[in-house]
Structures are given as C-alpha cells and as structure tokens.
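# Geometric and topological summary
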Amino acid sequence: MPGDAAPEPDFELLRSLLFEVAQLASGPLEDLHLAASIYELLHERDATDREAWEPLLHVHRRMNDSEKLSSLLAEVAGYLDDPQERSRMRLERVRLGMDRLGVSDEDAAVEL
C-alpha cells in the first residue's frame, strides 16, 4: 500500500546466510572467487570481524593472491590486540613479500 514503509532488513539473518554461502563456495563448491567476494563484503561491513577476515585470509592463501593477502595481513595486524598474533601476521606478510612480491631484505627489515 502507498505510504507503507518497507520492512527493515534483518542484517543478522543476511550476514548468517552470506557466511553460509561463502563457506559452501570455499568448501564443496570450490568457487574461491565467490567466497572471496562474499568474505570481502562482510569484511568491509566490519573490518574487525574475525569471522570475516580469518576465512578471507584462508581463501586468499588458497587462491595464491599474494597482493590481496599481503594487504589484508597488514590491515589485520594493525588492529589485533594480541602481540604474538600481531607479530605472526607481520612475519607472514614479510615472508610473503620476500618470496612472492620481490620485497628486498632491507624493506622486509623495516616491516618487522
């Protein structure tokens, strides 16, 4: 009817369904591009949501997408509270840079 407001979307339900689709895409469907796009969407909505960025890291690793993986590692390391976990992320990023992205020893040392 005219004048009726549209119902409010249930974002938790939508989030849950998106996670379910992303898990299927990264698992049995083996559609890593679809999984990455969904996890990226969820990550953009809340960058600190471990449920979004952790599987996104895994998908980028499986896709061998070194640039996106490096970028996400740097971002995540910036807001992790646990110093050991933060160091692990930085170290993985440095190794990735040296092994696949041509980062020099000197530049790698600066990153650490």
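Everything below is about the structure shown above.
So, a few notes on the structure that sits alongside this text. (Residues numbered from 1 in each chain as written. Predicted model: local features only at pLDDT ≥ 70, side-chain atom pairs only at ≥ 80, totals over all residues. Heavy atoms only, no water.)

## Thoughts on the pattern of salt bridges
Inspection of every chain in the model, using the stated rule, returns 7 salt bridges. The salt bridge partner of Arg 50 is Glu 54, with a shortest N-O separation of 3.0 Å. In this pair, Arg 50 and Glu 54 are both assigned in helix α3 (residues 50-63), 4 residues apart and thus about one turn of the helix distant. For Glu 54, a relative accessible area of 40% translates into the label partly exposed. (Salt bridge = Lys/Arg side-chain N within 4 Å of Asp/Glu carboxyl O. Helix = DSSP H or I, 4+ residues; strand = E, 2+ residues; numbered from the N terminus. Buried < 20%, exposed > 50% of the residue type's maximum accessible area, 1.4 Å probe, protein only.)

## Some thoughts on the packing of helix α2 (residues 32-45) against α3
Put simply, α2 and α3 touch, their axes get as near as 9 Å, and they point 150 degrees apart. Looking at the two axes, α2 sits roughly antiparallel to α3. The handedness of the crossing between α2 and α3 comes out as left-handed. Between α2 and α3, the residues in contact are Leu 32, His 33, Ala 35, Ala 36, Tyr 39, Glu 40, Leu 42 and His 43 and Glu 51, Ala 52, Trp 53, Pro 55, Leu 56, Val 59, His 60, Arg 62 and Met 63, respectively. Here the residues of the contact of α2 with α3 are counted per class, giving 11 nonpolar, 3 polar and 3 charged. (Axes fitted to C-alpha atoms, helices over the stretch in contact; angles between N-to-C directions. Parallel < 35°, antiparallel > 145°, perpendicular 65-115°, else oblique. Left-handed = near helix turned anticlockwise from the far one by under 90°. Contact = heavy atoms within 4.5 Å. Nonpolar A, V, L, I, M, F, W, Y, C, P; charged D, E, K, R; others polar.)

## Remarks on the side chain of His 43
Here His 43 is to be found in helix α2. With residues up to four places along the chain from it excluded, the contact list for His 43 reads Ala 52, Trp 53, Leu 56, Leu 72, Glu 75 and Tyr 79.

## Some details on the packing of helix α1 (residues 11-26) against α2
α2 packs onto α1 with a crossing angle of 150 degrees between their chain directions and a minimal axis gap of 8 Å. Here α1 is positioned roughly antiparallel relative to α2, judged by the angle of their axes. The two elements α1 and α2 meet at a crossing, and its hand is left-handed. For the pair formed by α1 and α2, the contact residues are Phe 11, Arg 15, Leu 18, Phe 19, Val 21, Ala 22, Gln 23, Ala 25 and Ser 26 on the first element and Leu 32, Leu 34, Ala 35, Ile 38, Tyr 39, Leu 41, Leu 42 and Arg 45 on the second.

## Some details on the packing of aromatic side chains
Scanning all chains against the criterion turns up 1 aromatic pair. Here the basic side chain of Arg 45 rests over the ring of Phe 11, its NZ or CZ set 4.5 Å away from the ring centre. (Phe/Tyr/Trp six-rings, centres within 6.5 Å; stacked < 30°, edge-to-face > 60°. Lys NZ or Arg CZ within 6 Å of the ring centre and 35° of its normal.)

## Let's talk about α1
Under the 1.5 Å per step criterion, the end-to-end length of α1 is 22 Å for 16 residues, consistent within 8% with the ideal 22 Å. For α1, the complete set of buried residues consists of Leu 18, Phe 19, Ala 22, Ala 25 and Ser 26. Taken down its axis, α1 places every buried residue within 125 degrees of arc, on the same side. Turning to α1, the residues buried within the fold contact α2 and α3. (Expected span 1.5 Å × (residues − 1). Arc of directions from axis to C-beta.)

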